[in-house]
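# Fold and geometry: a report
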Amino acid sequence: DEGASALLERVPDGGLPGVVTLLPRWQREIDGIHQIARSQIPMLVEGESGTGKEVIARAIHQMSGRGGAFVPVNCGALPENLVESELFGYKRGAFSGAQSDHPGLVKAADGGTLFLDEIGDMPPISPAALLRVLQEREVMPVGGTKATPIDLRVVAATHRDLDDMVAEQQFRHDLFARLAGFRIEVPPLAERRCDLGILIGALHARLFPPEHPGFDIDAARLLLRYPWPLNVRELEQALATAQVLA
């Protein structure tokens, strides 16, 4: 009725997307993010597909205060024969078709944050090249003879169990050690049912026009009762479809 409070609450003022929760376990993880965000320590964001790992990475970049760009890299989509040249850049004449210098994605993140999404799906690359970026803070382009210093923060994410991959020698232990300076486990949406109002409110504000009146009681019940097995991505798609169909 008219005097009733809103059934689906919006994101509290001042909360970055993805880092507002009512779940105590997730709040402890978020507290750690706030503590570590302004450091240079690499961060590894783990969790099921669709839980919003890139949203968390963007929030980390925002909290870091770094003035450079947030550069996302879909590691699983990098062609195996181009992964090093795409990441580290190349010098003119380094290979057939290299007609000019290309700085690469790592260099593009200089002063900002390099987000290595789905790091567990990355094709094999020269480990020395990536370890140089992580440890020495410098990048050597393909065909280059001199490394260039860089200032960046590395955040990686994966839906895979990297501990098992390391144990089975499917992922280099030295690379894992460099990426996992601080680990964050994003819970699936089924474990964050108390956050559904916050998430729906944030997505509503982004997907729906300001004059949209909200959800009727039956639609709200369906949103709150459905288990969302595909996580926040499924919730976002459902709301985007509803916006078009309404």
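Residues numbered from 1 in each chain as written. Predicted model: local features only at pLDDT ≥ 70, side-chain atom pairs only at ≥ 80, totals over all residues. Heavy atoms only, no water.

## Regarding the packing of aromatic side chains
- The final tally for this structure, using the stated rule, is 3 aromatic pairs.
- On the numbers, 5.9 Å between centres and 70 degrees between planes, the contact of F208 with F215 is edge-to-face.
- Residue F208 is classed as buried on the basis of its relative accessible area of 7%.
- With a centroid separation of 4.6 Å and 85 degrees between ring planes, the pair formed by Y226 and W228 is classed as edge-to-face. (Phe/Tyr/Trp six-rings, centres within 6.5 Å; stacked < 30°, edge-to-face > 60°. Buried < 20%, exposed > 50% of the residue type's maximum accessible area, 1.4 Å probe, protein only.)

## Concerning the pattern of salt bridges
- Tallied over the entire structure, the rule returns 13 salt bridges.
- Taking the shortest distance from any N to any O, the salt bridge between D110 and K107 comes out at 3.4 Å.
- Its relative accessible area of 31% is what places D110 among the partly exposed residues.
- For K107, a relative accessible area of 29% puts it in the partly exposed group.
- For E236, the salt bridge identified is with R206, shortest N-O distance 2.9 Å. Residue E236 is located in helix α10 (residues 231-245), and its partner R206 is located in helix α8 (residues 196-207); the two are separated by 30 residues in the primary sequence.
- When its relative accessible area of 25% is taken as the criterion, E236 is described as partly exposed. (Salt bridge = Lys/Arg side-chain N within 4 Å of Asp/Glu carboxyl O. Helix = DSSP H or I, 4+ residues; strand = E, 2+ residues; numbered from the N terminus.)

## Description of the packing of helix α1 (residues 24-36) against helix α2 (residues 53-64)
- The N-to-C vectors of α1 and α2 enclose an angle of 40 degrees; their axes lie 10 Å apart at closest approach. On the basis of the axis angle, α1 is oblique to α2. Along its contact with α1, which presents W26, I33 and H34, the element α2 presents I56, I60 and M63. (Axes fitted to C-alpha atoms, helices over the stretch in contact; angles between N-to-C directions. Parallel < 35°, antiparallel > 145°, perpendicular 65-115°, else oblique. Contact = heavy atoms within 4.5 Å.)

## Quick notes on the sheet that holds strand β1 (residues 43-46)
- If you walk across this open sheet you meet the 5 strands as β2-β3-β6-β1-β7, and the pairing is parallel. The outermost strands of the open sheet, each flanked by one partner alone, are β2 (70-74) and β7 (182-185). For this sheet, the mean angle separating the axes of adjacent strands, direction not counted, is 20 degrees.
- Alignment of β2 against strand β3 (residues 113-117), held across 5 bridges, turns out to be parallel. The partner of F70 across the bridge, within β3, is T113.
- Here α1 sits on the sheet and contacts β1, β6 (153-158) and β7; the angle it forms with β7, its principal contact strand, is near 150 degrees. (Pairing = 2+ DSSP bridges.)

## Brief notes about a negative patch on the surface
- A contiguous patch of negative charge on the surface is contributed by E48, D161, D164, E168 and E185.
- By the secondary structure assignment, E168 is in the loop between α6 (162-167) and α7 (173-179). (Patch = residues over 30% accessible without salt bridge, like charges linked within 9 Å, V, L, I, M, F, W, Y side chains within 5 Å. Areas by Shrake-Rupley, 256 points an atom, 1.4 Å probe, with all protein chains shown as cover. Lys, Arg positive; Asp, Glu negative; His and termini not counted. Charge placed at Lys NZ, Arg CZ, Asp CG, Glu CD.)

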